[in-house]
Each structure stands twice: as structure tokens, then as C-alpha cells.
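Analysis of the macromolecular model
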Amino acid sequence: MERLAETEAVKAALIKAGYTRVKVGHGTGTAWGWLHVRCKNKPDQDWQDKRIEVERIAQQVTGRQGDYGGRIIIQ
């Protein structure tokens with residue numbers, strides 16, 4: 001999946017799942033292939049639950065898998 005299509009797909013899926021202030025991008029330099037995701041927790045959701053759900057959604061949309069959650073950073 002191309003970088004732009006990947007970012008747009010993940011952002012749309014997270015917004016559809018109810019997340020707000022969603023920002024999705026890619027790393028630079030040696031982290032070029034890493035996907036960086038930022039979003040605000042849902043109401044009554046702690047950061048651990050957010051991280052697990054956001055990573056699962058991003059992996060489903062992109063098809064990423066493997067080490068480090070498919071090279072996805074959740075902030």
C-alpha cells in the first residue's frame with residue numbers, strides 16, 4: 001500500500017471508530033517505513049485500551065503485521 005493511501009485509510013478508519021483529533025503520518029530517515037498515529041482517547045477509555053484498539057484497527061486496514069505491531073507507533 002502506498003504511503004498516502006495508507007495514511008488516508010487509517011485516518012478514515014479511526015474517525016469511523018469514534019476517535020477524534022486523529023493525525024496519521026510516516027517517519028523520516030531510518031524510520032521511513034514506520035506509521036505514526038496520534039488520536040485522543042474515547043470517553044472512559046484509558047491509554048492502554050486506546051493503544052490496543054488503535055493498533056488493531058491500523059493493522060486491519062494496512063495489512064501490517066510482525067515485530068513492533070507492524071512498525072506502528074501509537075501516541
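Notes on the structure follow. This one's a predicted model, so the numbers in the text were calculated from it and none came from an experiment.

The next subject is the packing of helix α1 (residues 3–16) against helix α2 (residues 47–62). Two elements in contact, α1 and α2, have axes whose closest approach is 9 Å; the angle formed by their N-to-C orientations is 135°. Compared by their axis directions, α1 and α2 come out oblique. In the crossing of α1 with α2, the sense of the turn from one axis to the other is right-handed. Contacts between α1 and α2 pair E6, A9, V10, A13 and L14 from the former with V54, I57, A58, V61 and T62 from the latter. Partitioned by chemical class, the residues of the contact of α1 with α2 number eight nonpolar, one polar and one charged.

Let's shift gears to unusual backbone geometry. Unlike most non-glycine residues, R21 shows phi in positive territory, near 50°. Looking at the element boundaries, R21 is found in strand β1 (residues 20–26).

Glancing now at α2. Along its 16 residues, α2 runs 22 Å from first to last C-alpha, staying within 8% of the 22 Å computed at 1.5 Å per residue. For α2, the full list of buried residues reads K50, E53, V54, E55, I57, A58 and T62. As for α2, its buried residues are in contact with α1, β2 (35–40), α3 (67–71) and β3 (72–74). Taken from the residues just after α2, G63 is the one with a positive phi, measuring 80°.

A few words now on the nonpolar core. Considering soluble globular proteins, one finds that nonpolar side chains tend to be buried as a cluster. By size, the foremost hydrophobic cluster in this structure holds 14 residues, and its most contacted members are V10, L14, Y19, L35, V37 and V54. Secondary-structure elements contributing two or more residues to this core are α1, β1, β2, α2 and β3. The residues contacting L14, other than those within four sequence positions of it, are Y19, V22, V37, V54 and I57.

On to the side chain of R64, then. Checked against the element boundaries, R64 lands in the loop between α2 and α3. Reaching out from R64, the side chain makes a polar contact with the side chain of E6 at a distance of 2.9 Å. Looking at R64, its side chain comes within polar contact range of the main-chain oxygen of R71, at 3.1 Å. Once residues lying within four places of it in the same chain are set aside, the contact partners of R64 are E6, H26, G33, W34, L35, Q59, G70, R71 and I72.

About the criteria used
Residues numbered from 1 in each chain as written. Predicted model: local features only at pLDDT ≥ 70, side-chain atom pairs only at ≥ 80, totals over all residues. Heavy atoms only, no water. Axes fitted to C-alpha atoms, helices over the stretch in contact; angles between N-to-C directions. Helix = DSSP H or I, 4+ residues; strand = E, 2+ residues; numbered from the N terminus. Parallel < 35°, antiparallel > 145°, perpendicular 65-115°, else oblique. Left-handed = near helix turned anticlockwise from the far one by under 90°. Contact = heavy atoms within 4.5 Å. Nonpolar A, V, L, I, M, F, W, Y, C, P; charged D, E, K, R; others polar. Expected span 1.5 Å × (residues − 1). Buried < 20%, exposed > 50% of the residue type's maximum accessible area, 1.4 Å probe, protein only. Core = buried A, V, L, I, M, F, W, Y, C linked by side-chain atoms within 4.5 Å. Polar contact = N/O pair within 3.5 Å; in protein donor to acceptor, adjacent residues only side chain to side chain.

Scope: geometric values only; no functional claims are made or implied.
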